[in-house]
Amino acid sequence: MKALVTGISGFVGSHMAEFLLLKGVEVVGTIRNRSRMDHISHLQQDIRLVECELRDPFSVEALIGAEKPDLIFHLAAQSFVPTSWNSPIDTIHNNVAGQVNLFEAIRRFGLHSKIQIACSSEEYGQVNPGETPIKETNPLRPLSPYAISKVAQDYLGYQYHKSYGLHVIRTITFNHTGPRRGENFVTSNFAKQIVDIEKGKKPPVIYVGNLEAKRDFTDVRDVVRGYWLALEKGVPGEAYNIASGTCYTIAEMLAILLSHSNVDIEVKTDASRLRPSDVEILLGDYRKFHEATGWNPEIPFERTMEDLLQYWRSQ
Ligand code: GDD
C-alpha cells in the first residue's frame, strides 16, 4: 500500500508520515524547493520525497503518473488565517488550484486512489447563538479569504465525487496542535513566548491578540489517526467534522500554558495580532465521524499543552 502525503514537511504532514510508517505503509511526500526539512529530518531514511509544485498542473501530473498512490492525504496548504488577508489571491490560488490539479491528474490517469482533503472548521465562520455544537449541516458563513479557500476545496471534493466518482473524503478539522506546531499559530506562539522567557531570551511579557475567541482543540496525533480512519471507513463524497467536542477561550488556553511554567509573566495586547474579523466560537460535534469510523479523541488537552511546551524547551 502506497500513500502520498502532500505537504509532508509541514506540521500535520510530518505527524501523518510518522503514523503511516507505524502502519507499515510506503510513504511518498511532496516538498517544494523552499520547504523546511527540520520536521521530517528524522524520517528521511524511511520516506521518499518528491519535489512537486502543486500549483503547476505539469508538476502534479508527473507526480501522479509516476507514483499512482493508493491513498492520498492532501495536507499541503497556506494554512495561516492572517496571511490570507495580506495575500488573499495567493491563499486562494495555492489552496484551490493545488487541489484541482491533483483531482484532474487522478482523473486523467483513471486512478481509484482514496483521497482525504483537509477542509477546515473556519468554513463555518460566523456561528450564531444556538448553533453549537457545530454539525456538518450548519450554515457556512466564512469570515476570511482562507475560509473561502477551504469552502472551495471542500465543495470541489463534493463536486469531483459527484461528477467523476472520485473517492474523496472531506475532513472538516477543528483547531489542532501539538509538538512541531508552527510558531504563528496561537498555542505554539504563546508556548514559545513562555519558553523564551524561561530561557531568559526575552523580558517577562507575553504579547497576545483576541483572548475572547473560543476554539475546539484536538491533538494532531489524534487528528492524523482520524485521517487514516476517514479513508479506511468514510463514505466517498461525505464531509466529517473532526473535533474534541470541548472548547476553551484563548485566555483559558493561555492560563493552562502558564500553569505549567514557573515564571511570572505580564500579558499585553498587541494590536497587530487582532484580525479584521475573527471567528468567535468553534465548537464541533464529531458524532457523524465517530459513527462512521469509531474515532474518538484520546489525548487530553492538558497533555497536548505540556508536550507543546516541552517541544519548545527542547529547541
Ligand atoms: N495566531 C494568533 N496569535 N492567534 C491569536 C493570538 C496570537 O497572538 N492571540 C489571540 N489569537 C486568537 C485568534 O484571533 C484566533 O481567534 C485564535 O487565537 C486561534 O488562532 P490561530 O491559532 O491562528 O488559528 P485559527 O483558529 O485562526 O485557525 C486554525 O484553525 C483552523 C481550524 O479551525 C488554523 O490551524 C487553520 O489552518 C485551521 O483551518
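The present account deals with the structure reproduced in this document. The numbers attached to residues start from 1 for each chain and follow its sequence in the written order. Local features are withheld for residues below a pLDDT of 70 in this predicted model, meaning they are given only at 70 or higher, and side-chain atom pairs are given and counted only at 80 or more; totals for whole chains, interfaces and linings count all residues. Side-chain figures throughout are based on the complete set of non-hydrogen atoms in the structure, without hydrogens or water.

This part is about helix α5 (residues 145-164). Compared with the 28 Å implied by 1.5 Å per residue over 20 residues, the 28 Å span of α5 between its first and last C-alpha is a close match. Only protein chains enter the area calculation, which uses a 1.4 Å probe; residues under 20% of their type maximum are buried, those over 50% are exposed, and those in between are partly exposed. Numbered from the N terminus, helices here are DSSP runs of H or I no shorter than four residues, and strands are runs of E no shorter than two. Along α5, the residues classified as buried are Pro145, Tyr146, Ala147, Ser149, Lys150, Val151, Gln153, Asp154, Leu156, Gly157 and Tyr160. Contact between two residues is taken to exist if any of their heavy atoms lie within 4.5 Å; hydrogens are not considered. Packed against the buried residues of α5 are β4 (71-74), α3 (81-86), α4 (88-108), β5 (114-120) and β6 (167-173). Positive backbone phi, at 75°, marks Gly165, one or two positions downstream of α5. Expected span, for any helix, means 1.5 Å times one less than how many residues it has.

Where charged atoms of side chains with opposite charge meet at close range, the side chains can pair. Put simply, a salt bridge is a Lys or Arg side-chain nitrogen that is within 4 Å of an Asp or Glu carboxyl oxygen. One pass over the structure, following the stated rule, counts 28 salt bridges. In this structure, Glu53 engages Arg55 in a salt bridge whose closest nitrogen and oxygen atoms are separated by 3.2 Å. What makes Glu53 partly exposed here is its relative accessible area of 23%.

With that settled, consider the site of the ligand. Each residue is tested against the molecule or strand, and it is near if at least one of its non-hydrogen atoms lies within 4 Å. Close to the ligand lie 25 residues, the nearest being Ser79, Ser120, Ser121, Tyr146 and Arg275. The side chain of Ser120 places a nitrogen or oxygen atom 2.6 Å from an oxygen atom of the ligand. A distance of 2.6 Å is found between an oxygen atom of the ligand and a side-chain nitrogen or oxygen belonging to Tyr146. Amino acids outside the nonpolar list (Ala, Val, Leu, Ile, Met, Phe, Trp, Tyr, Cys, Pro) and the charged list (Asp, Glu, Lys, Arg) are all regarded as polar, and Gly is one of them. Of the residues contributing to the shell around the ligand, the split by class is eleven nonpolar, eight polar and six charged. We call two N or O atoms a polar contact when they sit within 3.5 Å, provided that within protein one can donate a hydrogen and the other can accept it, with sequence-adjacent residues counted only if both atoms are side-chain atoms.

This part covers α4. Along an α-helix, residues three or four positions apart point the same way, because every turn accommodates 3.6 residues. The end-to-end C-alpha separation of α4 is 30 Å, in line with the 30 Å expected for 21 residues at 1.5 Å each. Within two residues after α4, Gly110 carries a phi angle of roughly 60°, on the positive side.

So, about the environment of Cys52. Its location among the elements puts Cys52 in the loop between β3 (48-51) and α2 (57-67). In sequence terms Cys52 and Thr30 are 22 residues apart; their C-alpha atoms lie 5.7 Å from each other. With residues up to four places along the chain from it excluded, the contact list for Cys52 reads Thr30, Ile31, Arg32, Ser59, Val60 and Leu63.

All right, on to the side chain of Asp154 then. Counting through the fold element by element, Asp154 comes out in helix α5. Given a relative accessible area of 2%, Asp154 falls into the buried group.

What follows covers the packing of aromatic side chains. Two aromatic rings, drawn from Phe, Tyr or Trp (for Trp, its six-membered ring), form a pair once their centres lie within 6.5 Å of each other, and the interplanar angle then sorts them: stacked below 30 degrees, edge-to-face above 60, tilted otherwise. Scanning the model with the defined rule gives twelve aromatic pairs in all. Look at Phe217 and Phe301: their rings are 5.2 Å apart centre to centre, the planes differ by 10°, and that puts the pair in the stacked class. Placement of the pair is Phe217 in the loop between β9 (214-215) and β10 (218-219) and Phe301 in helix α10 (residues 301-313), with a sequence separation of 84 residues. You can call Phe301 buried: its relative accessible area is 8%. Here Tyr286 and Trp295 contribute two aromatic rings whose centre-to-centre distance is 5.4 Å and whose plane-to-plane angle is 85°, an arrangement assigned as edge-to-face. Each member of the pair, Tyr286 as well as Trp295, carries the same accessibility label: buried. Put simply, the rings of Tyr240, Tyr286, Phe289 and Trp295 pair up and form one aromatic cluster. Over a ring means this: the NZ of a Lys or the CZ of an Arg is within 6 Å of the ring centre and within 35 degrees of the ring normal. The ring of Tyr155 carries the charged tip of Arg170 above its face, separated from the ring centre by 5.3 Å.

Along the chain, Asp285 falls in the loop between β13 (266-269) and α9 (287-293). Take Asp285: its relative accessible area is 7%, and that puts it in the buried class. Within the structure, Asp285 has its side chain in polar contact with the side chain of Arg287 (distance 2.6 Å). Setting aside anything within four residues of it in sequence, one finds Asp285 in contact with Pro133, Ile134, Lys135, Glu136 and Asn241.

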